[in-house]
Amino acid sequence: MATWHESSMAEVVPAGVEAALAAFRTGLQALKMQRDLDLVSADGARPWSFLVNMPESQARETVEKFSAKEVSKKSSRHGRLPTD
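For clarity, every value in this text was computed on a predicted model and none was experimentally measured.

(A) Structural context of the overall build of the chain. When its secondary structure is counted, the chain shows two helices and zero strands. The proportion of buried residues among the 84 residues of the chain is 2%. Surface exposure of the chain reaches about 7,700 Å², of which carbon and sulfur atoms provide 61%.

Here it is in structure tokens:
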């Protein structure tokens, strides 16, 4: 007949293995999500997609300046305006 200590260990070990597997799976999923969300283009540039805490007019001006700079960068790199 098994003692309380032996039966408790027999129950705890599988639960510990399951907890460790869940932790590894969670970590792997977090790494995959980070890679999906943290995009970096071939030239190392990081795109941005939102502006925070700005009036609409200031946000519009900021986007227009950024767009003009990006078009200028691409056209000087390729010697022509981008078509995409």
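Let's pick the thread back up.
(B) Looking closely at the pattern of salt bridges. Going through the model one piece at a time under the given rule, you end up with two salt bridges. Ionic pairing is found between Glu 56 and Arg 60, a salt bridge with its closest N-O pair at 2.6 Å. Linking Glu 56 with Arg 60, this pair stays in helix α2 (residues 56–78), spanning four residues, or about one helical turn. Here Lys 65 and Glu 61 are joined by a salt bridge, their closest N and O atoms 3.2 Å apart. Taken together, the positions of Lys 65 and Glu 61, both in helix α2 and four residues apart, correspond to about one turn of that helix. Residue class for Lys 65 comes out exposed when judged on its relative accessible area of 56%. According to the relative accessible area criterion, Glu 61 is partly exposed, its value standing at 42%.

(C) How the structure looks around a nonpolar patch on the surface. Where nonpolar side chains cluster on the molecular surface, the patch consists of Met 9, Val 13, Val 17 and Leu 21 and spans about 330 Å² of accessible area. Given a relative accessible area of 35%, Leu 21 falls into the partly exposed group.

Parameters at a glance
Residues numbered from 1 in each chain as written. Predicted model: local features only at pLDDT ≥ 70, side-chain atom pairs only at ≥ 80, totals over all residues. Heavy atoms only, no water. Helix = DSSP H or I, 4+ residues; strand = E, 2+ residues; numbered from the N terminus. Buried < 20%, exposed > 50% of the residue type's maximum accessible area, 1.4 Å probe, protein only. Areas by Shrake-Rupley, 256 points an atom, 1.4 Å probe, with all protein chains shown as cover. Salt bridge = Lys/Arg side-chain N within 4 Å of Asp/Glu carboxyl O. Patch = residues over 30% accessible without salt bridge, like charges linked within 9 Å, V, L, I, M, F, W, Y side chains within 5 Å.

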